[in-house]
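For reference, the chains in residue letters:
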Amino acid sequence: MIRLLTGLFLMLFLCSPLYAQGLQGFLSLDARGGYSTNTMMVPFHGEWNQSVSTGYGLLSPSGTLVYDNGQFSTDLGAGGFFETFSEVDRHTVKGGYGLWNIRQGLGSGWTLGAETGANRVALGYDRSNWWAIPWMSWQPDLFTRFRIKAGSSFRRYRNVSPDDGVGEAGRTTRFDLYSVEAERWFGFRWQVRAGFFGDLSDPVGTAGLFGSVEHLITNRFRIGARAGLDQYSYQMNYVDGSGPGAVITVDETDRIWRSGIQARYQLMDSVALTASGDHLRLSSAASDQVLNDFHISAGVRFTIRPVFNRDRVAETDWQESQDDVVMLNIRYNGDGELFLIGDLNDWKEPGIPLRRIGRNRYATELTLSPGGYEYKILLINTEGDRTWIEFSEETYTVPDGFGGENGMIFID
């Protein structure tokens, strides 16, 4: 654990000479405890076992580096995990993972990308997964995104005994998968996601639907709900009592209904409290068997976000004058056009244009009533691509509820 954390810190800070290359990064530590009636619902475990209900504790450090250079961006992440159980014969689960994503903007809201990664989990026996998944997305506006994925995933087990009830030792299993997803943000207060997925070799028999909604109640507190249906078709062989060696093959279909809720409270900029609850219902078409499971958890997440590249950060300066007129001055070192968008224009894009008043300086005047206003700075580059500009450390910000930050201004 100490070696992993040390390596992640070195990965982030030894790369700091790349200031001018659009480098960003963050480190996080997730500490969580929970209870589950099926170990498949426990994070990182993922093996079906209803024979025991157990509590667990999880500690998971991770780090991510992001490089952004206009139309091209890439991120590299790595992490580890260590879990202990109260009622499982093998009391610990440990392992690690790595992820690599690349993205290339094609213009007009289109992006081409690929994701690859691998993980290894030790549960008494070893399980390894690795995958390569190309994807394409279309973003018609800042608040809507569609994405399609298709690729392959591989799984292999080692040190497996017959009592483990999992895959054959040393044999690699391949899955060819696809998914279609859609996302929509509503005024940075609501986020809705939906989609479907399936197996390319059996698009109807093995498939699923999913959906989620998340609501930012206050600047620091958000809740969400999710639901889904997974369907798996396969064949089962049963011994026929009519004669020696007689076997009956039965087509079986399992359906897993999922639902859950989650909450997150941002205690401070680097500390968040989390809680979740999940329900799972398995129904078997051939046997008419119905099984129910549930899972609950609560924890705390620590995050550090070092600022590597101050040239790509906007420094904001608000000045009030008489008659409710407010002047916004922004210092930004970069190309393109800047727009102000937020509560002050009902989040209507592209926003209020900022005029250039000097080298690396932009400004606008607004008439605002007393109150608090959240806002973002939108950059539209020469190719027409749209991105949000990060704020400097001196700017007062609040979480936007979706992994980023909104600026905040109070008018007396």
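Residues numbered from 1 in each chain as written. Predicted model: local features only at pLDDT ≥ 70, side-chain atom pairs only at ≥ 80, totals over all residues. Heavy atoms only, no water.

## Some words on unusual backbone geometry
Cis geometry is adopted by the peptide bond preceding Pro-350, which originates at Glu-349 and carries an omega value of 0°. With respect to the helices and strands, Pro-350 occurs in the loop between β17 (337–342) and β18 (352–353). At Phe-44, a residue that is not glycine, the phi angle is positive and equals roughly 75°. As for its position among the elements, Phe-44 is in the loop between β1 (23–36) and β2 (54–69). Positive phi outside glycine occurs at Trp-347, with the angle close to 60°. Classification of Trp-347 as buried rests on a relative accessible area of 11%. (Helix = DSSP H or I, 4+ residues; strand = E, 2+ residues; numbered from the N terminus. Buried < 20%, exposed > 50% of the residue type's maximum accessible area, 1.4 Å probe, protein only.)

## Concerning the sheet that holds strand β20 (residues 361–367)
Within the open sheet, the five strands sit side by side as β19-β20-β16-β15-β23. Their pairing is mixed. Only two strands of the sheet have a single neighbouring strand rather than two, namely β19 (355–358) and β23 (390–391). (Pairing = 2+ DSSP bridges.)

## Looking at the environment of Glu-390
Mapped onto the fold, Glu-390 is located in strand β23. The spatial distance from the C-alpha of Glu-390 to the C-alpha of Ile-377 is 7.9 Å, given a sequence separation of 13 residues.

## Considerations on the pattern of salt bridges
Two side chains carrying opposite charge are able to pair once their charged atoms lie near each other. Taken as a whole and judged by the stated rule, the model has 13 salt bridges. Close ionic contact of Arg-226 with Asp-278 constitutes a salt bridge, the shortest N to O distance being 2.5 Å. Here Asp-278 lies in strand β13 (residues 271–284) and Arg-226 lies in strand β11 (residues 221–239), a separation of 52 residues in the sequence. You can call Asp-278 buried: its relative accessible area is 16%. (Salt bridge = Lys/Arg side-chain N within 4 Å of Asp/Glu carboxyl O.)

## Structural notes on the side chain of Asn-38
Its place among the elements puts Asn-38 in the loop between β1 and β2. Looking at Asn-38, its side chain comes within polar contact range of the main-chain nitrogen of Asn-49, at 3.2 Å. (Polar contact = N/O pair within 3.5 Å; in protein donor to acceptor, adjacent residues only side chain to side chain.)

## Observations concerning the confidence of the model for the protein chain
Low-pLDDT portions of the prediction should not be read for the details of their coordinates. Mean pLDDT over the protein chain stands at 83; residues scoring 70 or higher make up 83%. Note that residues 8–21 has pLDDT below 50 and, in this model, 28 contacts with residues that lie over four places away or in other chains. (pLDDT = per-residue confidence, 0-100. Contact = heavy atoms within 4.5 Å.)

## Side note on the nonpolar core
Residues Trp-318, Ile-330, Leu-338, Leu-340, Leu-354 and Ile-377 are the most contacted members of the largest nonpolar core, which totals 21 residues. For this core, the elements supplying multiple residues, two or more each, are β15 (313–320), β16 (325–331), β17, β20, β21 (371–380) and β25 (405–411). Tallying contributions element by element places β21 first for this core, with four residues. Grouped together as the second largest cluster of nonpolar side chains are ten residues, Phe-85, Val-121, Tyr-125 and Tyr-157 included. (Core = buried A, V, L, I, M, F, W, Y, C linked by side-chain atoms within 4.5 Å.)

## Here's the deal with a nonpolar patch on the surface
Where nonpolar side chains cluster on the molecular surface, the patch consists of Leu-106, Trp-110, Leu-112, Met-136, Trp-138, Phe-146 and Ile-148 and spans about 640 Å² of accessible area. Note on placement: Leu-112 falls in strand β5 (residues 110–122). Its relative accessible area of 42% is what places Leu-112 among the partly exposed residues. (Patch = residues over 30% accessible without salt bridge, like charges linked within 9 Å, V, L, I, M, F, W, Y side chains within 5 Å. Areas by Shrake-Rupley, 256 points an atom, 1.4 Å probe, with all protein chains shown as cover.)

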